[in-house]
Amino acid sequence: MDFGIVDAHCHIFPPLAGACGFPDAATHLLFQQRSMHMHGNQPYRRAKDHALVNARPLWDPKDPSEAGRRTDVNFHVGRAGRFEWTVDGEDQYVQFLPPHMADLSAPAEVIVRDMDYAGIEAAILQNDHIYGNLAEDFAAAAKAYPGRFRGLAQVEEAFAFRDDQLALFTDQIDRLGMVGLYFTTTGLFRDGYRRLPDHPDYAPLWREVERRGLTIAWVHSGDSPVGSYVDEMRHLAAIVEAYPGIRHVLVHGVPTALYADDRDVITLPDILDRLMKGGAVNAEILYPIGWGGKMEYPYPRAVAHAKQLIETYGVGRFMWGSDMPNVARYCTFRQSLTYISEHAPFLSDADRRQLFRDNALALYGSEGKA
């Protein structure tokens, strides 16, 4: 490709056992434990023999609020990519990050070298609470490596309507130069999902995002206290209708595996189909992080699903992302690109420029000062 490739989904973060932008490491650990309870891609394993563990011991399944957290399991950040805990004297873990990540960190310097090696010009930095509240780190990385990084702002989702969170959001945009907002519905656990994102209390935040012409990068779940993925899309649709000036991105992409028949023909639910056709909603093409543990590179089924999406909704709706460094538990940075860039003959040269560069830059523009 004769243009600079932009990765729409990348991460940098300090060692995850620290506070990482939270008031303290204990608060960070609360979010990490909830995230590992919700995480379903990598399996839980027993430490002594690595056997699979089916039970979900980190949270009370009947209480999605903060009070449902199990405090008797010694949940902690381990070494070499693992989160670890103990249940009834038995040590367990989840291999969330690649084993080579000894202290579970991804410094900007290392990610830039990975980008250089893979042939990536720039990256959009996303900011889940697993890694911390990292807008300060993102701004520092953008300054240290001009033109290589654009970061997304983050709020505490359950309380994002409060004055302190609104001030935090505007500070991240105005002072730190963030170019969009990252919002995960899993963060709603702090108040037990009592308010969902289309609740009227969130209006001040959505009005400010709309006023600034920013994009929201949404992380939704297929099964959560919000409901099914379709339920999550209904709440998103209400925001799309109420605030037509906001642009939206489905982080991790459209979950096509949920809606493919035995011939791998995809039929999206009506609400998702309407959102994808309506103009305001876009999606990442980011299959290896979800499928890399289930099939071998170059993931031909994923390419077939991407082809159906692009032919149905147009390439202008999509942008490629890697989810580095997490994806390295399944494949290399370069392979997270080439499974689609080198194995999708249906893409024209113009399509490729949109998918691998222009669409991401259009959505995550230069509103921020960085």
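For the structure itself, look to the data block above.
A short tour of the structure in this document, coming up. Every value quoted in this text rests on a predicted model; they were computed, and no experiment measured them. (Residues numbered from 1 in each chain as written. Predicted model: local features only at pLDDT ≥ 70, side-chain atom pairs only at ≥ 80, totals over all residues. Heavy atoms only, no water.)

Its 14 residues give helix α1 (residues 25–38) an end-to-end C-alpha distance of 20 Å, which sits within 8% of 20 Å, the value for a rise of 1.5 Å per residue. Where burial is concerned, most of α1 is hidden: 10 out of the 14 residues are buried. Taken as a whole, α1 has its buried residues at His-28, Leu-29, Leu-30, Phe-31, Gln-32, Gln-33, Arg-34, Ser-35, Met-36 and His-37. Of the surrounding elements, those touching the buried residues of α1 are β2 (44–46), β4 (76–77), β5 (82–87) and β6 (90–95). (Helix = DSSP H or I, 4+ residues; strand = E, 2+ residues; numbered from the N terminus. Expected span 1.5 Å × (residues − 1). Buried < 20%, exposed > 50% of the residue type's maximum accessible area, 1.4 Å probe, protein only. Contact = heavy atoms within 4.5 Å.)

This next bit is on the sheet that holds strand β1 (residues 6–10). Ordered by their spatial adjacency, three strands build an open sheet running β1-β7-β8, and the pairing between neighbours is parallel. The two strands at the open ends of the sheet, each matched to only one other strand, are β1 and β8 (149–151). On average, each strand axis in the sheet is inclined to that of its neighbour by 20 degrees, with strand direction left out of account. In this structure, strand β7 (residues 122–125) lies alongside β8, joined through three bridges in parallel fashion. What sits directly across from Ile-124, in β8, is Arg-150. Strands β1 and β8 of the sheet are contacted by helix α11 (residues 349–363), whose axis makes an angle of about 65 degrees with β1. (Pairing = 2+ DSSP bridges. Axes fitted to C-alpha atoms, helices over the stretch in contact; angles between N-to-C directions.)

Take the nonpolar core next. In this structure, Phe-83, Phe-149, Phe-183, Trp-206 and Leu-250 are the most contacted members of the largest nonpolar core, which totals 116 residues. Considering every element that reaches this core, the biggest residue donor is helix α6 (residues 229–242), with seven residues. Residues in contact with Leu-250, not counting those within four places in the same chain, are Trp-218, His-220, Tyr-229, Met-233, Leu-236, Leu-272, Met-276, Val-281, Asn-282, Ala-283 and Glu-284. With 15 residues, the next largest nonpolar core counts Leu-152, Ala-217, Val-219 and Val-251 among its residues. (Core = buried A, V, L, I, M, F, W, Y, C linked by side-chain atoms within 4.5 Å.)

The subject of this paragraph is the packing of helix α2 (residues 108–118) against helix α10 (residues 333–341). Orientation of α2 relative to α10, taken along the N-to-C sense of each, is 40 degrees, at an axis distance of 8 Å. Considering the angle they form, α2 stands oblique to α10. When the axes of α2 and α10 are compared, the crossing they make is right-handed. Taking contact as the criterion, the partners of Asp-114, Met-115 and Ala-118 in α2 are, on α10, Phe-333, Arg-334 and Leu-337. For the contact of α2 with α10, the residue count by class is four nonpolar, no polar and two charged. (Parallel < 35°, antiparallel > 145°, perpendicular 65-115°, else oblique. Left-handed = near helix turned anticlockwise from the far one by under 90°. Nonpolar A, V, L, I, M, F, W, Y, C, P; charged D, E, K, R; others polar.)

A word on the state of the cysteines. A covalent bond bridging the sulfur atoms of two cysteines is what the word disulfide describes. Applying the stated rule across the entire model yields zero disulfides. Take Cys-331: it sits in no disulfide, and the sulfur closest to it among the cysteines is that of Cys-10, at 13 Å. (Disulfide = S-S within 2.5 Å.)

Here the focus is the pairing of strand β15 (residues 281–285). Among the five residues of β15, five are classified as buried, and the element is accordingly described as predominantly covered. Residues Val-281, Ala-283 and Ile-285 point to one face of β15 and Asn-282 and Glu-284 to the other, with burial holding for every one of them. Bridge count between strand β14 (residues 247–250) and β15: three bridges; the pairing is parallel. Counterpart to Val-249 in the pairing with β15 is Asn-282. Once the chain exits β14 it traverses helix α7 (residues 270–277) before rejoining the sheet at β15, and the crossover so formed is right-handed. Sheet topology places β15 next to strand β16 (residues 318–320); three bridges connect them, and they run parallel. Within the sheet, the bridge partner assigned to Ala-283 lies in β16 and is Phe-318. (Right-handed = clockwise from strand over helix to strand, strands pointing away.)

The strand order across the open sheet formed by five strands is β3-β2-β6-β5-β4, and the pairing between neighbours is antiparallel. In this open sheet, the two strands that pair with only one neighbour each are β3 (52–53) and β4. Pairing of β2 with β3, which is carried by two bridges, proceeds in the antiparallel orientation. By the bridge assignment for β3, Tyr-44 is matched with Val-53.

So, about the packing of aromatic side chains. Overall, the coordinates contain 19 aromatic pairs when judged by the stated rule. Between Phe-161 and Tyr-202, the aromatic rings sit 5.4 Å apart at their centres with planes inclined by 85 degrees, giving edge-to-face as the arrangement. Remark: Tyr-202 occurs in the loop between β10 (181–184) and α5 (203–212) and Phe-161 occurs in the loop between β9 (153–154) and α4 (163–174); sequence separation between them is 41 residues. When sorted by exposure, Phe-161 lands in the same class as Tyr-202, which is buried. Each ring, one from Tyr-202 and one from Trp-206, has its centre 6.0 Å from the other, and the planes form 15 degrees; the classification is stacked. Residue Trp-206 is classed as buried on the basis of its relative accessible area, which comes to 1%. An aromatic cluster is built from Tyr-44, Phe-75, Phe-83, Trp-85 and Phe-96, whose rings are joined through pairwise contacts. Lys-307 extends its terminal NZ or CZ atom over the ring of Phe-346, reaching a point 5.9 Å from the ring centre. (Phe/Tyr/Trp six-rings, centres within 6.5 Å; stacked < 30°, edge-to-face > 60°. Lys NZ or Arg CZ within 6 Å of the ring centre and 35° of its normal.)

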